[in-house]
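The residues making up each chain are set out below.
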Amino acid sequence: MSTYVAPLKDMRFVMNELAGLAEVAKLPGFEDATPDTVDAILDEAAKFACGVLDPLNRSGDQEGSKWHDGKVTTPKGFRDAYKQFTEAGWPALALDPEWGGQGLPRLVATAVDEMWCSANMSFSLCPMLTQGALHALELRGSAALQKQFLPKMASGEWTGTMNLTEPQAGSDLALLKTRAVREGDHYRISGQKIFITFGEHDYTGNIVHLVLARTPDAPEGVRGISLFVVPKFLLNPDGSLGARNGAICASIEHKLGIHASPTAVMVFENAVGFLVGEENKGLATMFIMMNAARFAVGLEGVAIAERAFQRALAYARERLQGRDLTGGGGAVPIIRHPDVRRMLMLMKSQTEAMRSLAYVVAAATDSAQRHPDKATRQRMLAFVDLMIPVVKGWSTETGIDVASLGIQVHGGMGFIEETGAAQHLRDARITTIYEGTTGIQANDLVGRKIAREGGATVKAWLEHLSEFDAELAKSKHADIARVRGALANAAKALAEAVEYLLATFGKDVKAASAGAVPFLELMGIVAGGWQLARSALIAEKRLAEGKGDKAFYKAKISTARFFADQLLSQAQGLATAVTSGGAGALALDEEQFFAA
Ligand SMILES: Cc1cc2nc3c(=O)[nH]c(=O)nc-3n(C[C@H](O)[C@H](O)[C@H](O)COP(=O)(O)OP(=O)(O)OC[C@H]3O[C@@H](n4cnc5c(N)ncnc54)[C@H](O)[C@@H]3O)c2cc1C
């Protein structure tokens with residue numbers, strides 16, 4: 001059975017050549033991210049991911065987390081792995097050193113996070129949510145809350161959660177009912193939350209829940225939501241653990257995948273909570289967490305795709321079946337069959353495209369926060385905002401496709417749990433649902449990120465693509481010429497879809513929304529194709545210089561060409577689905593669905 005190998009060569013290529021690590025390291029505060037330091041971090045993370053987390057992936061899936069009488073026991077080895085994780089200083093790579101973080105760029109943390117998730121997605125979820133909670137407290141928590149909670153969360157001594165969902169309030173948080181009643185300097189929180197990842201576990205002495213709730217006189221809808229810190233154990237004045245708070249785990253869910261990650265039903269019974277930020281401004285703060293978490297979930301799509309690809313590739317080399325189409329002789333490894341190669345290329349090219357886009361967005365996040373020039377910060381922030389739903393929606397949908405292809409490469413053995421390919425698909429399946437379903441990401445993309453600003457950011461990006469076309473035109477390579485043609489056609493199709501959405505959104509919002517998911521996929525394909533085209537140009541340059549790993553660079557060009565032929569070529573079809581979305585998707589009314 002294959003085990004995970006961190007794809008450090010590709011990660012370094014993407015970080016250095018596409019995401020511009022050298023430029024990121026020049027941003028104020030990131031001076032420590034020297035090439036040697038980053039190399040050492042990646043090597044150490046790879047060792048930890050492969051040596052500690054990967055060996056627990058299968059057993060964690062089989063054993064699952066268990067609930068008994070309000071307590072949750074994680075699978076054998078997880079608690080110890082978490083201890084090692086904190087001792088090695090991994091929980092807060094990108095957090096400000098003021099709070100005990102290591103102040104590294106988001107770009108570096110992204111590559112490291114990808115490794116945790118590829119090696120063991122269930123394990124990776126707890127630190128991921130803690131990072132989101134840390135971020136929200138860092139930006140909006142009062143000085144007192146920051147002092148009480150941030151250092152212990154940064155060290156991993158305590159973990160964080162995100163409590164949004166209630167039985168009647170999933171995608172629609174306007175419906176949430178959990179109540180918060182003021183009592184002196186704190187609030188009393190009562191209500192039920194469901195599906196709370198790592199809402200209870202046995203890793204740490206305390207769990208810091210970030211909870212959305214309503215005060216009694218709050219306005220209806222999302223304008224009446226406030227955010228509270230509700231620790232499992234209250235703190236004594238000296239910061240030590242005090243009384244048990246009324247935040248109880250009533251049960252955990254039995255689910256399709258991520259079995260080692262406990263998904264808790266949380267009951268808050270008059271629990272003491274502390275306001276984060278202002279009353280009724282909770283959703284805005286939660287969005288800080290959500291944006292980081294949406295990006296992180298998009299990265300899960302990349303990570304699972306990478307893992308599924310590695311496993312399929314190993315199997316394709318071992319499994320003997322069928323004759324070589326041109327050679328005769330005995331049974332050959334299935335990797336010799338053109339269709340298996342096509343599947344492997346689909347897996348490889350989409351994984352690399354998704355990784356490239358995610359890391360470029362991570363680097364843009366660093367610039368949006370740290371660049372000394374205000375206009376650059378704003379431009380980068382607009383680009384990140386535009387791309388977050390794409391990274392989340394496209395990478396997770398594609399991650400599932402890639403994991404499913406991984407099963408196909410295995411044939412019947414893929415459907416059998418023993419090979420591990422099935423676990424990847426089961427684990428990946430949640431990624432298009434939590435942190436906002438793909439439908440919700442697509443609505444965000446079309447409504448908030450495009451229509452609301454008259455398409456300014458997406459048009460600036462399309463303009464950048466046409467400038468990039470001039471660079472591609474200088475290449476002498478036949479494959480790159482092909483990539484150029486496909487990217488130009490796809491960008492044209494995207495521009496048409498953008499114009500349609502801008503013209504339609506205000507007049508017929510249902511028609512625009514009906515095409516929102518195809519539009520998100522179209523954005524993903526074009527953005528991914530753009531990054532692979534950049535990779536191909538860089539590879540051509542390095543090959544001409546005679547520098548580096550020739551086979552790696554040649555593969556980059558072939559991969560870009562494959563993506564152009566097989567995926568960028570689908571852009572026109574997706575654009576048609578956008579521009580005719582309303583007509584098709586809304587043709588049958590509710591009654592007709594049942595009558596037909
Ligand atoms: C394993 C797991 C872990 C989770 N972890 C957490 C966690 O840690 N914290 C937390 O708060 N929540 C968590 N969740 C909850 C998760 O975020 C929600 O399940 C998700 O937001 C979807 O909500 P829902 O399940 O109520 O689906 P619904 O909102 O009922 O959606 C059902 C369908 O309707 C579609 N839909 C709904 N509204 C719209 C709309 N306006 N436009 C278009 N389509 C729409 C959706 O896209 C979806 O296809 C977790 C869930 C699971 C299963």
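Relevant structure appears above.
A short tour of the structure in this document, coming up. (Residues numbered from 1 in each chain as written. Predicted model: local features only at pLDDT ≥ 70, side-chain atom pairs only at ≥ 80, totals over all residues. Heavy atoms only, no water.)

We now examine the overall build of the protein chain. In terms of regular secondary structure, the protein chain is built from 22 helices and eleven strands. Its C-alpha radius of gyration of 24 Å places the protein chain within 12% of the 25 Å reference for a compact globule of 596 residues. If you line up the protein chain on its principal axes, its C-alpha atoms span 75 × 60 × 55 Å. Counting all 596 residues of the protein chain, 56% fall into the buried class. Residue pairs in contact within the protein chain that sit at least 24 positions apart in sequence constitute 76% of those at least 6 positions apart. Accessible area for the protein chain stands at about 24,500 Å²; split by element, carbon and sulfur atoms hold 55% of it. (Helix = DSSP H or I, 4+ residues; strand = E, 2+ residues; numbered from the N terminus. Rg over C-alpha atoms; globule rule 2.2 N^0.38 Å. Buried < 20%, exposed > 50% of the residue type's maximum accessible area, 1.4 Å probe, protein only. Contact = heavy atoms within 4.5 Å. Areas by Shrake-Rupley, 256 points an atom, 1.4 Å probe, with all protein chains shown as cover.)

Let us look at the side chain of Gln350. Relative to the assigned elements, Gln350 resides in helix H10 (residues 338–370). Within polar-contact distance, the side chain of Gln350 engages the backbone oxygen of Leu346 at 3.1 Å. The residues contacting Gln350, other than those within four sequence positions of it, are Met345, Thr398, Val402, Phe563 and Leu567. (Polar contact = N/O pair within 3.5 Å; in protein donor to acceptor, adjacent residues only side chain to side chain.)

Once that is clear, we can look at the nonpolar core. Counting 178 residues, the largest nonpolar core has Met115, Tyr359, Met387, Trp461, Phe519 and Met523 as the members making the most contacts within it. Looking at which element gives the most residues to this core, the answer is helix H9 (residues 282–318), with 18 residues. Residues within four places of Trp461 in sequence aside, it is in contact with Phe383, Met387, Leu494, Met523, Val526, Ala527 and Trp530. Of all hydrophobic cores here, the second largest spans 16 residues; its members include Tyr187, Phe228, Phe268 and Ala271. (Core = buried A, V, L, I, M, F, W, Y, C linked by side-chain atoms within 4.5 Å.)

On to the site of the ligand, then. Around the ligand, the surrounding shell holds 18 residues, and the nearest of these are Met162, Thr165, Ser171, Phe195 and Thr437. Between the ligand and the protein, one listed contact pairs an oxygen atom with a side-chain N or O atom of Thr437 at 2.6 Å. At 3.0 Å, a side-chain N or O of Asn443 approaches a nitrogen atom of the ligand. Considered on its own, the ligand offers 960 Å² of accessible surface; in the complex 61% of this is hidden by protein. (Near = heavy atom within 4 Å.)

With that settled, the discussion passes to the packing of helix H11 (residues 374–410) against helix H13 (residues 421–428). Two elements in contact, H11 and H13, have axes separated by 9 Å at closest approach and are oriented at 160 degrees. When the interaxial angle is binned, H11 and H13 end up roughly antiparallel. In terms of crossing hand, the pair formed by H11 and H13 is left-handed. For the pair formed by H11 and H13, the contact residues are Ile400, Ala403, Ser404, Gly406, Ile407 and His410 on the first element and Ala421, Ala422, His424, Leu425 and Ala428 on the second. In the contact of H11 with H13, the residues fall into seven nonpolar, four polar and no charged. (Axes fitted to C-alpha atoms, helices over the stretch in contact; angles between N-to-C directions. Parallel < 35°, antiparallel > 145°, perpendicular 65-115°, else oblique. Left-handed = near helix turned anticlockwise from the far one by under 90°. Nonpolar A, V, L, I, M, F, W, Y, C, P; charged D, E, K, R; others polar.)

Bringing the pattern of salt bridges into the picture now. Using the criterion set out here, one finds 32 salt bridges in the structure. Between Arg542 and Glu17 there is a salt bridge, with the nearest N and O atoms lying 2.8 Å from each other. With Arg542 in helix H18 (residues 516–545) and Glu17 in helix H1 (residues 8–18), the pair connects residues that are 525 residues apart, well separated along the chain. We classify Glu17 as partly exposed; its relative accessible area is 22%. The partner of Arg426 in a salt bridge is Glu417, with the nearest N and O atoms 2.9 Å apart. Judged by relative accessible area, Arg426 falls into the buried class, the value being 14%. Classification of Glu417 as partly exposed rests on a relative accessible area of 36%. Sharing partners across several salt bridges, the network here consists of Asp10, Glu114, Glu306, Lys348, Glu352, Arg355 and Lys556. (Salt bridge = Lys/Arg side-chain N within 4 Å of Asp/Glu carboxyl O.)

In the structure shown here, the tally under the stated rule is 18 aromatic pairs. Between Phe85 and Phe123, the ring centres sit 5.4 Å apart and the planes meet at 75 degrees, which makes this aromatic pair edge-to-face. Placement of the pair is Phe85 in helix H5 (residues 78–87) and Phe123 in helix H7 (residues 121–140), with a sequence separation of 38 residues. A relative accessible area of 1% places Phe85 in the buried class. (Phe/Tyr/Trp six-rings, centres within 6.5 Å; stacked < 30°, edge-to-face > 60°.)

This part takes up H1. Buried within H1 we find Leu8, Asp10, Met11, Phe13, Val14, Met15 and Leu18. Elements that come into contact with the buried residues of H1 comprise helix H2 (21–24), helix H3 (35–53), helix H6 (106–119), H10, H18 and helix H19 (550–566). Gly20 sits one or two positions beyond H1 and adopts a positive phi of about 70 degrees.

Look at H6 against H9: their axes get within 8 Å of each other, and the N-to-C directions meet at 55 degrees. With respect to H9, the element H6 is oriented oblique. Between H6 and H9 the crossing geometry is right-handed. In contact with Thr110, Asp113, Glu114, Cys117, Ser118 and Ala119 of H6, H9 contributes Phe295, Leu299, Glu300, Val302, Ala303, Glu306 and Arg307.

Topologically, Gly77 is positioned in the loop between strand E2 (71–73) and H5. Judged by relative accessible area, which is 32%, Gly77 ranks as partly exposed. Put simply, Gly77 and Ala264 are 187 residues apart on the chain and 20 Å apart in space, counted from C-alpha to C-alpha.

Quick look at empty space enclosed by the protein now. One pass over the structure, following the stated rule, counts three cavities of 30 Å³ or more. In this structure, the largest cavity occupies an estimated 110 Å³ of space. In terms of lining residues, the largest cavity is bounded by Asp113, Glu114, Trp116, Cys117, Ser124, Pro127, Met128, Gln131, Ala296, Leu299 and Glu300. Tallied by class, residues from the lining of the largest cavity come to six nonpolar, two polar and three charged. (1 Å grid on protein atoms, 1.4 Å probe; cavity = no way out; pocket = protein on both sides within 12 Å on 5 of 7 lines; lining within 4 Å. Points joined across faces, edges and corners; volume = space filled by probe spheres on them.)

This part covers the pairing of strand E9 (residues 241–244). Direction of pairing for strand E8 (residues 233–235) relative to E9: antiparallel, over a ladder of two bridges. Opposite Phe233, over in E9, you have Arg244 as the bridge partner. (Pairing = 2+ DSSP bridges.)

The next thing to look at is H7. Between the first and last C-alpha of H7 there are 29 Å, a value that for 20 residues agrees with the 28 Å anticipated at 1.5 Å per step. A large share of H7 lies buried, amounting to 15 of its 20 residues. (Expected span 1.5 Å × (residues − 1).)

Together, Met413, Phe415 and Ile416 line one region of the surface with nonpolar side chains, adding up to about 320 Å² of accessible area. Mapped onto the fold, Met413 is located in helix H12 (residues 412–415). For Met413, a relative accessible area of 31% corresponds to the partly exposed category. (Patch = residues over 30% accessible without salt bridge, like charges linked within 9 Å, V, L, I, M, F, W, Y side chains within 5 Å.)

If you trace the backbone, Thr165 turns up in the loop between strand E3 (158–163) and strand E4 (179–183). Look at Thr165 and you get partly exposed, because its relative accessible area is 21%. For the pair Thr165 and Ala364, spaced 199 residues apart in sequence, the C-alpha separation works out to 30 Å. When sequence neighbours within four positions are dropped, the list of residues in contact with Thr165 reads Gly170, Gln192, Lys193, Ile194, Phe195 and Ile196.

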